[in-house]
Amino acid sequence: MLLHITQTGSNATGLGYLLHKNPANLHEVKLPFGKATVFYPAATDDRCTACLLLEIDPVELVRGARQLEAYVNDRPYVASSYMTVAIGRVFGTALAGNCARRPELVHCKLPLQLTVEVVRTRGGEEVLHRLFQPLGYHVEARRLPLDNKFPEWGESPYFRLTLTAEITVHNALTHLYVLLPVLDDEKHYYIGEAEVDKLLRHGEGWLKQHPEQRMIVSRYLQRRGALTTQAFEQLLEEETASVEAAESKTEKAAQQERELERPMTLHTQRLNTVAARLKELGARSVLDLGCGEGKLLRRLLADRTFERIVGMDVSHRSLQIASARLRLDRMPERQRKRIELMQGSLLYRDQRLSGFDAAALVEVIEHLDVPRLAALERVLFEFARPRHILITTPNREYNVLFPTLPEGRMRHGDHRFEWTRAEFAAWATATATRFAYDVKLEPVGPLTKRTVRHRRWPCSHCGRNRTNEDHRNP
Ligand code: SAH
């Protein structure tokens, strides 16, 4: 497997700085499955070519395998996920968009030609064009013949791929990193949530707009349903956030906002409402209790008026996801100082929760058993005692309007209860009064005029049946 990266034009040897590999030397890196070598067959001022040669040790690859098929395959010869691991190891600095010695080059679009021998494309030559052309490449694909003694093998899926464009080295590498395994449609390692993060990180700046986004996400994550959903959600969220940012700058903001809100999920509306209220309240230090995967935290981080942001959750797993999605490990120091994640439970008094301007609990209380609410009330209103507390919870009366939700069922498998608006109002008022807070109730989400008369539920307090005739808001 051989990857050539050629820069033409003036000062072509800048490529050596960008790739962090001196053209004068031979660079060898040992990998778990073979060896990667970088060398420069040409390095003059007007043409510089770096080659990454990946030699896979087929014996290492099949160690422990029992079937013949595992021994006889194309893995050592085509650019697959092994190649992307090699790119990550050998050109990691360039892939991350860094160049300490010539930082000004990182954002320079250079006349580049990339050649990969050999790629295998599931879906044929057309897929090569569909994937690379929208990114601005001129695509040349030369099909490599299969042995003509076996016509029944059909057309060869193997190509020599040449891509030409004026592009930054960083972008070119991220394109290859993501798209080589997409072409190949196979991965040699376990696909977990870290893959979603990798895809979004390396797809930053181009994946969102790519017309083949669906194919890329689905193949990159090997069609793991939950992971692809997660990736699409995040792409959509980032899109919404960037659309929102752009909108606030235009005169047509009001009209565009209506357009934008139409496809927004209820949850997005809740999170946006809570973030907006926190800002209106002038809160500078905010607790997000039951922060989950960090969706509210992300919104708060985007606004500098929030100086101290703390996310707490009982679930270690959620916190890990939040940390990965917010990319805490790569956050600039000033930004990083504003945010903290902590594991803790809302049912136990916790010193760390004292001294905040506001606390938000977005869709959290319904995850607690009703008898435990009393503990939460004391922990939050008596001990933590932030100046403002924002709580959202689903309105059960709205559930009949979800066409796919069976009657009497809750929206989420882990919900311990779902209140009517009156039940929530009663709890909120009683709790606020007991702990000397003022209370204000506000609907979130679209009001609807639809009513469905025939559905009834037993009230969780009195046991009598209620209907949803006047029920409007999610
Ligand atoms: N606020 C987030 C997540 C809501 S899901 C959002 O809107 O996206 C509810 C969250 O509450 C889950 O992440 C769950 O782990 C957390 N949670 C449940 N019981 C908790 C408790 N006792 N203490 C802290 N967090 C809890």
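Preceding block: the structure.
Residues numbered from 1 in each chain as written. Predicted model: local features only at pLDDT ≥ 70, side-chain atom pairs only at ≥ 80, totals over all residues. Heavy atoms only, no water.

Student: How do you make sense of the overall build of the protein chain when you look at a structure like this?
Tutor: A tally of regular secondary structure across the protein chain gives 17 helices and 14 strands. Counting over 474 residues, the protein chain shows a buried share of 49%. In the structure as shown, the protein chain presents an accessible area of about 24600 Å², 51% of it carried by carbon and sulfur atoms. (Helix = DSSP H or I, 4+ residues; strand = E, 2+ residues; numbered from the N terminus. Buried < 20%, exposed > 50% of the residue type's maximum accessible area, 1.4 Å probe, protein only. Areas by Shrake-Rupley, 256 points an atom, 1.4 Å probe, with all protein chains shown as cover.)

Student: What should I look at first to understand the site of the ligand in this one?
Tutor: With respect to spatial proximity, 18 residues lie near the ligand, and among them H267, G290, D313, L346 and V362 are the closest. S345 places a side-chain nitrogen or oxygen 3.3 Å from a nitrogen atom of the ligand. Protein contact buries 84% of the 570 Å² of open area that the ligand shows by itself. The class makeup of the residues in the shell around the ligand is eight nonpolar, eight polar and two charged. (Near = heavy atom within 4 Å. Polar contact = N/O pair within 3.5 Å; in protein donor to acceptor, adjacent residues only side chain to side chain. Nonpolar A, V, L, I, M, F, W, Y, C, P; charged D, E, K, R; others polar.)

Student: So what exactly am I meant to see when it comes to the sheet that holds strand β9 (residues 308-313) here?
Tutor: Note on sheets: strands pair through backbone hydrogen bonds, and any given pair is parallel or antiparallel. Here we have five strands laid out as an open sheet, ordered β10-β9-β8-β11-β12, and parallel in their pairing. Among the strands making up the open sheet, the edge pair consists of β10 (339-343) and β12 (388-392). Along the sheet, successive strands turn relative to each other by an average axial angle of 15°, direction set aside. In this sheet, β12 lies alongside strand β11 (residues 358-362) in parallel orientation, the contact comprising five bridges. The partner of V362 across the bridge, within β12, is T392. (Pairing = 2+ DSSP bridges. Axes fitted to C-alpha atoms, helices over the stretch in contact; angles between N-to-C directions.)

Student: Mind showing me how you'd approach unusual backbone geometry here?
Tutor: Where the residue is not glycine, phi is negative for most of them; where a peptide bond is considered, it is trans in most cases. Omega for the bond connecting E117 with V118 falls within 30 degrees of zero, at 10°, which places this linkage in the cis form. Within the secondary structure, V118 is located in strand β5 (residues 110-120). The phi dihedral of H20 is positive, around 65°, even though this residue is not glycine. A positive phi angle, close to 60°, is found at A436, a residue other than glycine. Turning to its location among the elements, A436 is positioned in the loop between α17 (421-434) and β13 (456-458). A436 sits in the exposed class, given a relative accessible area of 62%.

Student: Sorry, what's going on with helix α8 (residues 193-202) here?
Tutor: An α-helix turns once every 3.6 residues. As a result, residues three or four positions apart point the same way. Summarising burial for α8: seven of the ten residues are buried, a large majority. Among the residues making up α8, those that are buried are E195, V196, D197, K198, L199, L200 and H202.

Student: Can you walk me through the sheet that holds strand β1 (residues 2-8) in this structure?
Tutor: Pairing within the open sheet is antiparallel, and its seven strands lie in the order β2-β3-β4-β1-β5-β7-β6. With one partner strand each, in any of the chains shown, β2 (27-31) and β6 (138-143) form the two edges of the open sheet. If you compare each strand with its neighbour and ignore which way they point, the axes differ by 15° on average. Bridge analysis of β1 against β5 gives six bridges, and the strand direction is antiparallel. Residue pairing for β5: H4 is matched across the bridge by T115. The strands that helix α4 (residues 81-90) touches are β1, β2, β3 (34-44) and β4 (47-56); relative to β4, the one it contacts most, it runs at about 125°. Each of β5, β6 and β7 (158-167) is contacted by helix α6 (residues 125-132), which is oriented at about 160° to β6, the strand it contacts most. (Contact = heavy atoms within 4.5 Å.)

Student: Is there a simple way to explain the side chain of E363 in this structure?
Tutor: By the element assignment, E363 lies in the loop between β11 and α16 (373-384). A polar atom in the side chain of E363 sits 3.3 Å from the backbone nitrogen of T393. If we ignore the near neighbours within four places in the chain, the residues touching E363 are H267, R270, T392, T393 and P394.

Student: Would you take a moment to explain the packing of aromatic side chains for this structure?
Tutor: The description of an aromatic ring pair rests on the distance of the ring centres and on the angle between the ring planes. In total, this model carries eight aromatic pairs according to the counting rule given. Judged by centre distance (5.8 Å) and plane angle (80°), the ring pair of F132 and Y137 falls under edge-to-face. Judged on exposure class, the residue F132 and its partner Y137 are both buried. Among the aromatic residues, ring-to-ring pairing joins F417, W419, F424 and W427 into one connected group. For R102, the ring lying beneath its charged end belongs to Y17, and the centroid distance is 5.0 Å. Here the guanidinium or amino end of R214 rests over the ring plane of F232, the centre of that ring lying 4.4 Å away. (Phe/Tyr/Trp six-rings, centres within 6.5 Å; stacked < 30°, edge-to-face > 60°. Lys NZ or Arg CZ within 6 Å of the ring centre and 35° of its normal.)

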